[in-house]
2 protein chains.
Amino acid sequence: MSDNLPSWQEGKTKQTILDFVAAVTDESAESYVLPADRVATFDNDGNLWNEKPTYIQLFFTLKRLKDMAKSDPSLLDKPGFKAAAEDDMAYFAGLYPDNMAELAEVMFDTHAGMPQREFQTLAYDFLTNEKHPRFDVPFKQCYYPPMVELMHYVRDSGFKVYIASAGGMSFMRTVSEEIYDIPRENVIGSNISFEPEREGDDYYLQRKRGIIEPMDDGPGKPVNIELHIGRAPILASGNSNGDHEMFEYTESQADGRAFLNLLLRHDDGDREYEYDEGAERSQATAGERGWTVISMKDDFKRVFPF
Amino acid sequence: MSDNLPSWQEGKTKQTILDFVAAVTDESAESYVLPADRVATFDNDGNLWNEKPTYIQLFFTLKRLKDMAKSDPSLLDKPGFKAAAEDDMAYFAGLYPDNMAELAEVMFDTHAGMPQREFQTLAYDFLTNEKHPRFDVPFKQCYYPPMVELMHYVRDSGFKVYIASAGGMSFMRTVSEEIYDIPRENVIGSNISFEPEREGDDYYLQRKRGIIEPMDDGPGKPVNIELHIGRAPILASGNSNGDHEMFEYTESQADGRAFLNLLLRHDDGDREYEYDEGAERSQATAGERGWTVISMKDDFKRVFPF
């Protein structure tokens, strides 16, 4: 019998996943779910790829701040550019959630004011050429093969597989097909504003200083899932408090039918990072309600593709 | 040789469509387009289904206003409820585009203030049970089989097929799978605001008085296409000025490669309606730039499924 999840250790977690997929795909079972209703949503940062020592998109932001200040030193008058030039990580760590206005400024300075196609090139080049400070491989290689394997396994079992992340939708989409084999249209995320602009015969999308509401985090995830998919997931996968509402929504909308909430725990400091900060609420509720906790240490045969 | 478009008359329009699909799917041709880039977008009102004597969703809105006022006559103090009760169509015709604030009030009064699932039931029941005033069949039967055939033909040719309409996304999605065989997640439209709400163990989406920007009309269409699909269409199909920017975007993003803009003209008063109002700008540009104009009268063997 072929192993659908070869990168997963045998054990309770793997069996729970296999049992769930068997239950919803067995036409003779009461737990059967029609293919149209088999929706699976996966958070990205810390769930499909690494998010430590900080978010990959924040590394991109820092590089943009540095590159822009090199071209135009007058930008160093702005606190974000100055902090990046001085590698003052404490400055950036202090922005969220206490100074969202300044965080927005930094994001707009680095992510807006250019055509969409130009941003896509910047993001793709960064993810391909810049390296993770600890693992010394390009950022786009810092994904978790067991999770990608899980996405493919459920897709092959008739699920519609979506990424639902607080990260930038356009940023992730530049590599989602290459590293995850997930098409761009199945990647949901947060978004800067777009506006079409005309230049002669050219009619293109310009990135603007603004956010398309709602941000795809916390209570924004169920909203964006409805906007992009139109159905609630029956399988939700995430790792942090930002996924709590997606988990709650999945359980509530299942309304007694089969569902699977998967919470990835970062408990492997040797192979990756060990931290529970930012996941306290989801972990507590997972314990109370019996959601499935994936242990990176115990459940993953390997963590990275390198 | 099988006919992929049996409901279309032989002629220049049908041949243009067949030639375009052949050109982008022939791997040996310079005009070949990879499947991932084969995106087709179809406007809905007046393009996939009837929009006269007024938009189907406006009929729904009128029925809601009447039903609500029957339950609560004090609502008749509001101008929209009063106009609906008196069948004062001139009132509604005068709202757009001259009184958008009042139009928004009417839309929020009838489309917000309820859980998403409750709205879906209202919309589906209306489309299934209420009848078109001229054709005397349920509204959901007032679609154009030749256009549905076209969607299926390009989908079978490896295209990703999306609906991109100014109409309400949730409204259309209640029947898109049944009448078009287009899954909900491939229906893009305008949206009322959603917010998750908790009631005991129930965690669901409530419809709120507000609009998710941008509206999916005019310049909002390229923006929502980027948000939902992440690629520009190479085939765009519409019938009005609200599709002009989608057409422009399709042509500009093709950047010299093959693309197909299809503008449906309502020139068949016998079988449907005859009108050019609201399509003047798109028709003029189609003439200048050589976009393909579909004549309902000359190109459709049949107009409706009934």
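In this report, we go over the structure that sits alongside the text. Per chain, residue numbering runs from 1 following the sequence as it is written. Each chain takes a letter, starting from A, and each ligand takes a number, starting from 1, following the order in which they are written. A pLDDT threshold of at least 70 governs which residues receive local features in this predicted model, and a stricter bar of 80 or more applies before side-chain atom pairs are shown or counted, although totals over entire chains, interfaces and linings include all residues. Water and hydrogen atoms play no part in the side-chain values, which are based on all heavy atoms of the structure.

**Some words on the overall build of chain A**
Moving on, step 1. Numbering of helices and strands runs from the N terminus, with a helix taken as a DSSP run of H or I at least four residues long and a strand as a DSSP run of E at least two residues long. Scanning chain A for helices and strands turns up twelve helices and nine strands.
Moving on, step 2. Expected size for 306 residues packed as a compact globule is a radius of gyration near 19 Å; at 20 Å, chain A falls within 12% of this value.
Moving on, step 3. By principal-axis analysis of the C-alpha atoms, chain A measures approximately 65 × 50 × 35 Å.
Moving on, step 4. Relative accessibility under 20% of the residue-type maximum defines a buried residue, over 50% an exposed one, and the middle range a partly exposed one, all with a 1.4 Å probe and only protein chains included. Each of the 306 residues in chain A was classed as buried or not, and the buried ones make up 57%.
Moving on, step 5. In this description, contact between two residues means that some pair of their heavy atoms is separated by no more than 4.5 Å. Across chain A, contacts joining residues at least 24 apart in sequence account for 68% of those joining residues at least 6 apart.
Moving on, step 6. Positive charge is attributed to Lys and Arg, negative charge to Asp and Glu, and no charge count is given to His or to the chain ends. Charge placement uses NZ in Lys and CZ in Arg. For Asp and Glu, CG and CD serve respectively. Chain A carries 32 positive and 55 negative side-chain charges, and their two centres are separated by 3 Å. Restricting the calculation to C-alpha atoms gives the radius of gyration, and the globule rule supplies 2.2 Å times the number of residues raised to the power 0.38.

**What about the pattern of salt bridges?**
All names here are of chain A.
Moving on, step 1. Each reported salt bridge corresponds to a side-chain nitrogen of Lys or Arg within 4 Å of a carboxyl oxygen of Asp or Glu. In the structure shown here, the tally under the stated rule is 47 salt bridges over all chains.
Moving on, step 2. The salt bridge involving Lys-78 is made with Glu-105; its shortest N-O contact spans 3.7 Å. Taken together, the positions of Lys-78 in the loop between helix 2 (56-71) and helix 3 (79-85) and Glu-105 in helix 5 (residues 100-111) put the pair 27 residues apart, joining distant regions of the chain.
Moving on, step 3. Judged by its relative accessible area of 30%, Lys-78 falls in the partly exposed class.

**Quick notes on the interface of chain A and chain B**
Moving on, step 1. Every contact between the two is made by 39 residues of chain A and, on the other side, 39 residues of chain B.
Moving on, step 2. Buried area counts how much accessible surface, traced with a 1.4 Å probe, disappears from two parts once they are put together, with both parts' losses summed. When the area that chain A buries against chain B is broken down by residue, the three leading residues are Glu-185, Tyr-203 and Leu-227 of chain A, summing to 21%.
Moving on, step 3. Across the chain A-chain B interface, the total number found is six salt bridges.
Moving on, step 4. Close ionic contact of Glu-177 of chain A with Arg-231 of chain B constitutes a salt bridge, the shortest N to O distance being 2.9 Å.
Moving on, step 5. Here a polar contact means two N or O atoms within 3.5 Å. Within protein one must be a hydrogen donor candidate and the other an acceptor candidate, and residues neighboring in sequence count only if both atoms are side-chain atoms. Our enumeration of links across chain A and chain B arrives at 22 residue pairs in polar contact (both at pLDDT 80 or more).
Moving on, step 6. Three classes are used, and their members are as follows: Ala, Val, Leu, Ile, Met, Phe, Trp, Tyr, Cys and Pro are nonpolar, Asp, Glu, Lys and Arg are charged, and the others, Gly among them, are polar. By residue class, the composition of the side of chain A that touches chain B is 15 nonpolar, seven polar and 17 charged.

**Some thoughts on helix 9 (residues 220-228) of chain A**
Residues spaced three or four apart along an α-helix face the same direction, because each turn holds 3.6 residues.
Residues and elements named next belong to chain A.
Moving on, step 1. Of all nine residues in helix 9, nine are buried, a share of seventy percent or more.
Moving on, step 2. Residues of helix 9 that are buried include every one of Gly-220, Lys-221, Pro-222, Val-223, Asn-224, Ile-225, Glu-226, Leu-227 and His-228, and no others.
Moving on, step 3. A positive phi of about 85 degrees marks Gly-230, the residue just after helix 9.

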